[in-house]
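Observations on chain architecture
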Amino acid sequence: MNFVIKKQGIFKRFLDARWAWDLVQGPIYNRLVIKAASELYRRFIDEINPPQHAKILDVGSGPGFLTLLLAKKNPTASVVGVDYSPTQVRAADRLRIRNQIHNCSFRQGDAMNLPFRDASFDIIISVASIKHWPQGKRGLQEIRRVLAPNGCAFIGEADGGATDEEIYRFASKFTAWYVWDPFMRWYLRRVVFGQSYRPREAELMARAAGFSQVSVEKVSESPFFLIKLQK
Ligand SMILES: C[S@@+](CC[C@H](N)C(=O)[O-])C[C@H]1O[C@@H](n2cnc3c(N)ncnc32)[C@H](O)[C@@H]1O
């Protein structure tokens, strides 16, 4: 099977525009996600064991929940979160200040053109962001470029092949009085998961981006997958 470039519908392009993350998707996502993504975050925290004084990058860091958890768990590391939405960067920075975490910073930047020099990070993570990038392969090439030669990247994403049952179990954790439940189910099924990558597609895309070591696994108890990448 060859790597296939996905066609992006108008609705998806509309929702993935930066202003949509600034004004609509970001504020809703940031309030609800922490209830639902904790299993995925825990899996990342268990998986990643950076060396002392590691440089860690989170691409599409959003509200910074996982970025800050990593910074807290690894006090000698220096952690950077990058997101193309200024609203998300500000939300993450507020959380950083509230939690008094000093080995972490957030800045605005596009995954398609990461604002860092080649080989600057030992560990790179990205969670639930690649499906929003206009060119997934290009974003992975950028991650490869800024990853150190012996570094490791961890990408978590919604599984485009997840079953309705897996998605609805996940959706039940999103419950909030201001979101109509049938709408949330439709949105997760058709938009979030329906337009995401399947694990095999993501694996082929990572190989096409130049990674030589690629391993993919499902995250237990959740409709997400995790890919580990090395140059
Ligand atoms: C679903 S949120 C995930 C946030 C965070 N990683 C988490 O797990 O909570 C997706 C994030 O990706 C960001 N994003 C989308 N396209 C991007 C791009 N081209 N470059 C950088 N960030 C992007 C959005 O602004 C949003 O904050």
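**Section: the site of the ligand**
- Neighbouring residues of the ligand: 19 residues in total, closest Tyr-41, Gly-60, Asp-83, Val-127 and Ser-129.
- In this structure, Tyr-84 approaches the ligand through a main-chain N or O atom, which is 3.3 Å from a nitrogen atom.
- Asp-110 is positioned with one of its side-chain polar atoms (N or O) 2.9 Å from a nitrogen atom of the ligand.
- When the ligand sits alone it has 600 Å² of accessible area, and the protein chains cover 98% of it.
- Among the residues forming the shell around the ligand, the class breakdown is 9 nonpolar, 8 polar and 2 charged.

**Some points on the sheet that holds strand β4 (residues 121-127)**
- Spatial strand order, β3-β2-β1-β4-β5-β7-β6: 7 strands in an open sheet with mixed pairing. The two strands at the open ends of the sheet, each matched to only one other strand, are β3 (104-108) and β6 (213-218). Within this sheet the neighbouring strands show an average axis-to-axis angle of 15°, counted without direction.
- Alignment of strand β2 (residues 78-83) against β3, held across 5 bridges, turns out to be parallel. Within β3, the position partnered with Val-82 by the bridge is Arg-107.

Calculation notes
- Residues numbered from 1 in each chain as written.
- Predicted model: local features only at pLDDT ≥ 70, side-chain atom pairs only at ≥ 80, totals over all residues.
- Heavy atoms only, no water.
- Near = heavy atom within 4 Å.
- Polar contact = N/O pair within 3.5 Å; in protein donor to acceptor, adjacent residues only side chain to side chain.
- Areas by Shrake-Rupley, 256 points an atom, 1.4 Å probe, with all protein chains shown as cover.
- Nonpolar A, V, L, I, M, F, W, Y, C, P; charged D, E, K, R; others polar.
- Pairing = 2+ DSSP bridges.
- Helix = DSSP H or I, 4+ residues; strand = E, 2+ residues; numbered from the N terminus.
- Axes fitted to C-alpha atoms, helices over the stretch in contact; angles between N-to-C directions.

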